[in-house]
Amino acid sequence: MSRTRTALALGMAAAAALTVASTTAHAAPLPLAGSTTVTPAGHAFKASLSGKATLKAGSVTVTCSVSVSTGSVPAAPGNHNAAGPVSSPISPPTYSSCTSSMPGVTPTVTTSGAWSVSMQNGSPITATMTVPTGGLVVHTTGLATCTVTAAPGGPASVPATWANGAPSSLTFSGASVPVTVSGGFGCPTSATSSTFNAVYLVSDTTDPAQQITVTP
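For clarity, every value in this text was computed on a predicted model and none was experimentally measured. (Residues numbered from 1 in each chain as written. Predicted model: local features only at pLDDT ≥ 70, side-chain atom pairs only at ≥ 80, totals over all residues. Heavy atoms only, no water.)

Asks: Account for the overall build of the chain, naming residues and giving values.
Replies: The secondary structure content of the chain amounts to one helix and 16 strands. Looking at the chain as a whole, 37% of its 216 residues are labelled buried. When contacts within the chain are restricted to residue pairs at least 6 apart in sequence, long-range pairs at least 24 apart make up 66% of them. On the chain, roughly 11000 Å² of surface is accessible, and the fraction owed to carbon and sulfur atoms is 63%. (Helix = DSSP H or I, 4+ residues; strand = E, 2+ residues; numbered from the N terminus. Buried < 20%, exposed > 50% of the residue type's maximum accessible area, 1.4 Å probe, protein only. Contact = heavy atoms within 4.5 Å. Areas by Shrake-Rupley, 256 points an atom, 1.4 Å probe, with all protein chains shown as cover.)

Asks: How would you summarise the packing of aromatic side chains if you had to cite specific residues and measurements?
Replies: This model, assessed by the stated rule, comprises two aromatic pairs. A ring pair is formed by Phe 172 and Phe 196, whose centres lie 5.2 Å apart and whose planes are at 55°; its orientation type is tilted. One end of the pair, Phe 172, is in strand β14 (residues 168-183); the other, Phe 196, is in strand β15 (residues 193-204), and 24 residues separate them in sequence. (Phe/Tyr/Trp six-rings, centres within 6.5 Å; stacked < 30°, edge-to-face > 60°.)

Asks: How would you sum up the sheet that holds strand β5 (residues 80-81)? Please name residues and give values.
Replies: Across the sheet, three strands lie side by side as β5-β1-β16; this open sheet has antiparallel pairing. Of all strands in the sheet, those bounded by a partner on one side alone are β5 and β16 (213-215). (Pairing = 2+ DSSP bridges.)

Asks: Tell me about the nonpolar core, and please be specific about residues and values.
Replies: Nonpolar side chains in soluble globular proteins tend to end up buried together. Counting 50 residues, the largest nonpolar core has Tyr 95, Leu 170, Phe 196 and Tyr 200 as the members making the most contacts within it. Examining the composition of this core, we find that six residues originate from one element, β14, more than from any other. Apart from the residues lying within four places of it in its own chain, the contact partners of Tyr 95 are Ala 53, Cys 64, Val 66, Ser 67, Val 109, Thr 111, Leu 136, Phe 196 and Tyr 200. (Core = buried A, V, L, I, M, F, W, Y, C linked by side-chain atoms within 4.5 Å.)

Asks: How would you sum up the state of the cysteines? Please name residues and give values.
Replies: Disulfides are covalent bonds that link the sulfur atoms of two cysteine residues. Tallying each qualifying case throughout the model produces two disulfides. The disulfide partner of Cys 64 is Cys 98, and the S-S distance across this bridge is 2.0 Å. On the S-S bond that ties Cys 64 to Cys 98, the torsion sits near 105°, and the link is right-handed. Of this pair, Cys 64 sits in strand β4 (residues 60-72) while Cys 98 sits in strand β7 (residues 94-100), placing them 34 residues apart in sequence. As far as the burial class goes, Cys 64 and Cys 98 line up, both buried. Linked covalently through their sulfurs, Cys 146 and Cys 187 form a disulfide whose S-S length is 2.0 Å. Because the torsion about its S-S bond is -90°, the bridge between Cys 146 and Cys 187 counts as left-handed. Here Cys 146, found in strand β12 (residues 146-150), pairs with Cys 187, found in the loop between β14 and β15; they are 41 residues apart in sequence, far enough to count as distant. With respect to burial, Cys 146 and Cys 187 carry one shared label: buried. What links to what in the chain: the bonded cysteines, counted in sequence order, pair as 1-2, 3-4. (Disulfide = S-S within 2.5 Å.)

Asks: Break down the environment of Ala 44 for me, with residues and values.
Replies: When you line up the elements, Ala 44 lands in strand β2 (residues 44-49). Residues Ala 44 and Ile 212, 168 residues apart in the sequence, show an inter-C-alpha distance of 9.1 Å. Setting aside chain neighbours within four positions, we find Ala 44 in contact with Gly 71, Ser 72, Ser 203, Asp 204, Thr 205 and Thr 206.

Asks: Explain the environment of Asp 204 to me, and be specific about the residues and the numbers.
Replies: Residue placement: Asp 204 occurs in strand β15. The exposure class of Asp 204 is buried, given its relative accessible area of 3%. Looking at Asp 204, its side chain comes within polar contact range of the side chain of His 43, at 2.7 Å. Within the structure, Asp 204 has its side chain in polar contact with the backbone nitrogen of Asp 207 (distance 2.8 Å). (Polar contact = N/O pair within 3.5 Å; in protein donor to acceptor, adjacent residues only side chain to side chain.)

Asks: Requested: an account of unusual backbone geometry, with residues and values cited.
Replies: Of the consecutive residues Thr 39 and Pro 40, the connecting peptide bond is found in the cis state with omega at -5°. Along the chain, the position of Pro 40 falls in the loop between β1 (36-39) and β2. Across the junction of Ser 123 and Pro 124, the peptide omega takes the value 5°, indicating a cis bond. Locating Pro 124 in the fold gives a position in the loop between β9 (115-120) and β10 (125-131). Of note in this structure, Ser 97 is not a glycine but carries a positive phi near 55°.

In short, geometric facts, not functional conclusions.
Right, dumping it as structure tokens:
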């Protein structure tokens, strides 16, 4: 066989091998999420802030010391998902007793819309809070008048971790939230995201002797 034909044959073989490898790589199935069960089924719960919640946009940080949300675990069999998370609607969290890192500026936080939280069993147990479009707005008055709107372009998913306990807890640590900022002097108008930190203790309000728990 001539050198030209040999080179051509080797090149075709290599191309075929690459094609098979590429096809095999793309055809590999994605790993499935594990099963999740949230109990007690149908019980109502209350999530209360432990410590302080902070929302940082640009150089400005808003800190709130009171925040509450309520919801309920889906009734059986909706409290179990064999291959994914279990989602529950929650009330828009309320935020009060808030201060700003900017001197002479007073923030007010308002929330609205359909909020939810989903739980995925694993190690660690993960959670995702969904903020509806424009569902959280921070307005400041005083030396700077600013408006920070969270999830401006559509619902936003905010990641968290869950820990079973007495009570169980939901922790947001450096979670990124898309925002838009409007206003005049002193407002961080170039910010497109904010960082959210908070820890919520979750108690069973249907039967306070029980705990809201996430298991397989």
